[in-house]
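Listed below are the residues making up each chain.
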Amino acid sequence: MRVPDEAELPEDVRALFGKFRDKTGFVPNVARNFALTPEHFLRWFRYYDFLMRGEDQSHLSRKEREMIAVVVSAANECEYCLASHSAYLREITGDPVLPDVLAANYRRAHLTPREHALLEFVHQITVDSAVMSLADVQMLRTIGYSDEAIFEAAQVAAMFNFTNRIANAMGWVPNEEYYYQHRSKRGD
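Residues numbered from 1 in each chain as written. Predicted model: local features only at pLDDT ≥ 70, side-chain atom pairs only at ≥ 80, totals over all residues. Heavy atoms only, no water.

## A few points about the overall build of the protein
Logical step 1: Counting its secondary structure elements, the protein contains 10 helices and 0 strands.
Logical step 2: In terms of C-alpha radius of gyration, the protein reaches 17 Å, essentially the compact-globule figure of 16 Å for 188 residues.
Logical step 3: Referenced to the eigenvectors of the C-alpha coordinate spread, the extents of the protein come out at roughly 50 × 40 × 30 Å.
Logical step 4: Counting across all 188 residues of the protein, residues that qualify as buried make up 46%.
Logical step 5: Counting contacts in the protein only where the partners sit at least 6 residues apart, residues at least 24 apart contribute 67% of the total.
Logical step 6: With the model as given, the accessible surface of the protein reaches about 9,700 Å², and the carbon-plus-sulfur share is 53%.
Logical step 7: In the protein, 21 positive and 27 negative side-chain charges are present, and the distance between their average locations comes to 1 Å. (Helix = DSSP H or I, 4+ residues; strand = E, 2+ residues; numbered from the N terminus. Rg over C-alpha atoms; globule rule 2.2 N^0.38 Å. Buried < 20%, exposed > 50% of the residue type's maximum accessible area, 1.4 Å probe, protein only. Contact = heavy atoms within 4.5 Å. Areas by Shrake-Rupley, 256 points an atom, 1.4 Å probe, with all protein chains shown as cover. Lys, Arg positive; Asp, Glu negative; His and termini not counted. Charge placed at Lys NZ, Arg CZ, Asp CG, Glu CD.)

Now the structure itself:
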């Protein structure tokens, strides 16, 4: 797939690329690839950014959202999102092992019962949403998730199912930097 040259992109896309460079030192390949259709990229990114970084209006923690990203991406075998969101999860938790365990088998991760239930829910959305029912929602309500948090979890799972499928179909490759980021425990 053709990756557009940055100089040919609209100003708002180039400005966003500049923000990526300022924050991480590089432009994520997902942005470079998605920018083949700049308007689609900007609309996708606004929703993605709102779901994953919008702390003011979120009903889930950043850790919960990133764990959802990793578990859904592992179920979909999406190398790009596994690499990038494992790095983000390592960054926010300071735990260099958790993302790898979640990717290999999230059921064996050292998590709270509440976190395990959330990940079971999003995994089921990913592998067979047609069998889900109100009982799945009620189970999360019982352990303390609000309807808003459950709806948000479903939206995050859906966002990653959507993005994973595009990345896999188009053969998008993660930036190598993701594999190295945040591999040591905080304080080391």
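## What about the packing of helix α3 (residues 38-53) against helix α4 (residues 62-75)?
Logical step 1: Contact pair α3 / α4: the axes reach a minimum separation of 9 Å and the direction vectors enclose 125 degrees. Considered as vectors, α3 and α4 are oriented oblique to each other. Here Leu51, Met52 and Arg53 of α3 lie close against α4, whose contacting residues are Arg62, Arg65, Glu66 and Ala69. (Axes fitted to C-alpha atoms, helices over the stretch in contact; angles between N-to-C directions. Parallel < 35°, antiparallel > 145°, perpendicular 65-115°, else oblique.)

## Focus: the pattern of salt bridges
Logical step 1: All told, the structure shown has 13 salt bridges when counted by the stated rule.
Logical step 2: Arg65 is the salt-bridge partner of Glu152, the closest N and O atoms lying 4.0 Å from each other. With Glu152 in helix α9 (residues 147-170) and Arg65 in helix α4, this pair connects stretches of sequence that are 87 residues apart. Of the two residues, Glu152 and Arg65, neither departs from the other in class, the shared state being buried.
Logical step 3: Of the charged contacts, one joins Asp147 and Arg141 as a salt bridge, the two residues approaching to 2.6 Å between their closest N and O atoms.
Logical step 4: Each member of the salt-bridge network shares a partner with another, and the members are Glu6, Arg21 and Arg32. (Salt bridge = Lys/Arg side-chain N within 4 Å of Asp/Glu carboxyl O.)

## Some points on the packing of helix α7 (residues 113-128) against helix α8 (residues 134-142)
Logical step 1: Their axes nearest at 10 Å, the elements α7 and α8 cross at an angle of 160 degrees. Classified by the interaxial angle, the pair formed by α7 and α8 is roughly antiparallel. As α7 runs across α8, the sense of the crossing is left-handed. The residues of α8 that touch α7, namely those facing Ala117, Leu118 and Phe121, are Asp136, Val137, Met139 and Leu140.
Logical step 2: A breakdown of the residues in the contact of α7 with α8 according to their chemical character gives 6 nonpolar, no polar and 1 charged. (Left-handed = near helix turned anticlockwise from the far one by under 90°. Nonpolar A, V, L, I, M, F, W, Y, C, P; charged D, E, K, R; others polar.)

## Some thoughts on the nonpolar core
Logical step 1: One finds Phe17, Phe41, Ile68, Leu102, Leu119 and Phe160 to be the most contacted residues of the largest nonpolar core, which totals 58 residues.
Logical step 2: Listed by contribution, the elements that provide at least two residues to this core are α1 (11-24), α2 (29-34), α3, α4, α5 (79-93), α6 (98-105), α7 and α9.
Logical step 3: Per element, the largest residue contribution to this core is 8 residues, and it comes from α9. (Core = buried A, V, L, I, M, F, W, Y, C linked by side-chain atoms within 4.5 Å.)

## Observations concerning the state of the cysteines
Logical step 1: Here the structure, examined in full by the defined rule, presents 0 disulfides.
Logical step 2: Take Cys81: it sits in no disulfide, and the sulfur closest to it among the cysteines is that of Cys78, at 3.9 Å.
Logical step 3: Residue Cys81 is classed as buried on the basis of its relative accessible area, which comes to 4%. (Disulfide = S-S within 2.5 Å.)

## Considerations on α9
Logical step 1: For α9, which comprises 24 residues, the first-to-last C-alpha distance of 35 Å matches the rise-based estimate of 34 Å (1.5 Å per residue) to within 8%.
Logical step 2: Taken from the residues just after α9, Gly171 is the one with a positive phi, measuring 70 degrees. (Expected span 1.5 Å × (residues − 1).)

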